[in-house]
Amino acid sequence: MTALLVLIARLPLPLLHGLGALIGLLFYGLPNRHRAVARRNLELAFPNRSLAERRRLLRQNLIETGKSITELPLIWYGDPRRVWRLVRRCEGLEALNAA
């Protein structure tokens, strides 16, 4: 399993994001617990939004979740220099350094 994660970590970020989007679309399209929980959370958080808007948010949320899943091997097993080059913004670093 580790060897597979190391190989995934070498893939270009746009490819990882594409694979992650596909995973997210699977989460959206197939009945599963992740979709049910996210849908319920959106119902609770945005009761005044239309069903169509909450569905759009659900779809986008699950796509971004899929992308996050495919980024993990890169973060865990990728070259740290490459990972740092991919960072675009860091918020709260002062609090981390002060801890």
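See above for the structure.
Throughout, residues of each chain are indexed from 1 in the direction in which the sequence is written. Per-residue local features are limited, in this predicted model, to residues with pLDDT of at least 70; the limit for side-chain atom pairs, both in listing and counting, is 80 or more; totals at the level of whole chains, interfaces and linings are taken over all residues. Neither water nor hydrogens contribute to the side-chain values; these are computed over all heavy atoms in the structure.

### Here's the deal with the overall build of the protein chain
Inclusion rule: Starting at the N terminus, helices and strands are each numbered in turn, a helix being any DSSP run of H or I of at least four residues and a strand any DSSP run of E of at least two. Each radius of gyration reported is based on C-alpha atoms, and the globular scaling rule is 2.2 Å times the count of residues to the power 0.38. Exposure categories follow from relative accessible area, calculated using a 1.4 Å probe and restricted to protein chains: below 20% of the type maximum is buried, above 50% is exposed, and the middle band is partly exposed. Any two residues having at least one pair of non-hydrogen atoms within 4.5 Å are treated as being in contact. Accessible surface is estimated by sampling points in the Shrake-Rupley manner with a 1.4 Å probe; for residues, cover comes only from the protein chains shown. When charges are counted, Lys and Arg are positive and Asp and Glu negative, with His and the chain ends excluded. Note that the charge is assigned to NZ on lysines, CZ on arginines, CG on aspartates and CD on glutamates.
Scanning the protein chain for helices and strands turns up 6 helices and 0 strands. Mapped from its N terminus to its C terminus, the protein chain presents α and β elements in the order α-α-α-α-α-α. Here the protein chain has a C-alpha radius of gyration of 17 Å; the compact-globule value for 99 residues is 13 Å, and the former is much larger. Oriented by its inertia axes, the alpha-carbon framework of the protein chain measures out at about 45 × 35 × 20 Å. For the protein chain, the residues scored as buried account for 22% of the 99 residues in total. The long-range share in the protein chain, meaning contacts at least 24 apart out of those at least 6 apart in sequence, stands at 67%. Per element, the accessible surface of the protein chain, about 7,500 Å² overall, is 62% carbon and sulfur. Across the protein chain, the mean location of the 16 positive side-chain charges is 7 Å away from that of the 7 negative side-chain charges.

### Some words on the environment of Ala38
Along the chain, the position of Ala38 falls in helix α3 (residues 33-45). Overall, Ala38 belongs to the buried group, its relative accessible area being 12%. Counting along the chain gives 54 residues from Ala38 to Gly92, while the straight-line C-alpha distance between them is 27 Å.

### Considerations on a nonpolar patch on the surface
Under the convention used in this document: Patches were defined on residues exceeding 30% relative accessible area and lacking a salt bridge, with like-charge contacts within 9 Å and nonpolar side-chain contacts (Val, Leu, Ile, Met, Phe, Trp, Tyr) within 5 Å. Any Lys or Arg side-chain nitrogen found within 4 Å of a carboxyl oxygen on Asp or Glu counts as a salt bridge.
A grouping of Leu15, Leu19, Leu22 and Leu25 is seen on the molecular surface, where their side chains present a nonpolar patch of about 330 Å² in accessible area. Turning to its location among the elements, Leu22 is positioned in helix α2 (residues 13-29).

### Digging into the nonpolar core
The criterion, for reference: By nonpolar core is meant a set of buried Ala, Val, Leu, Ile, Met, Phe, Trp, Tyr and Cys residues that side-chain atoms within 4.5 Å join together.
The biggest cluster of nonpolar side chains holds 6 residues, and these are Phe27, Ala38, Leu42, Leu57, Leu58 and Leu62. Per element, the largest residue contribution to this core is 3 residues, and it comes from helix α4 (residues 51-77). Other than its neighbours up to four places away in sequence, Leu58 contacts Tyr28, Arg35, Ala38, Arg39 and Leu42.

In short, geometric facts, not functional conclusions.
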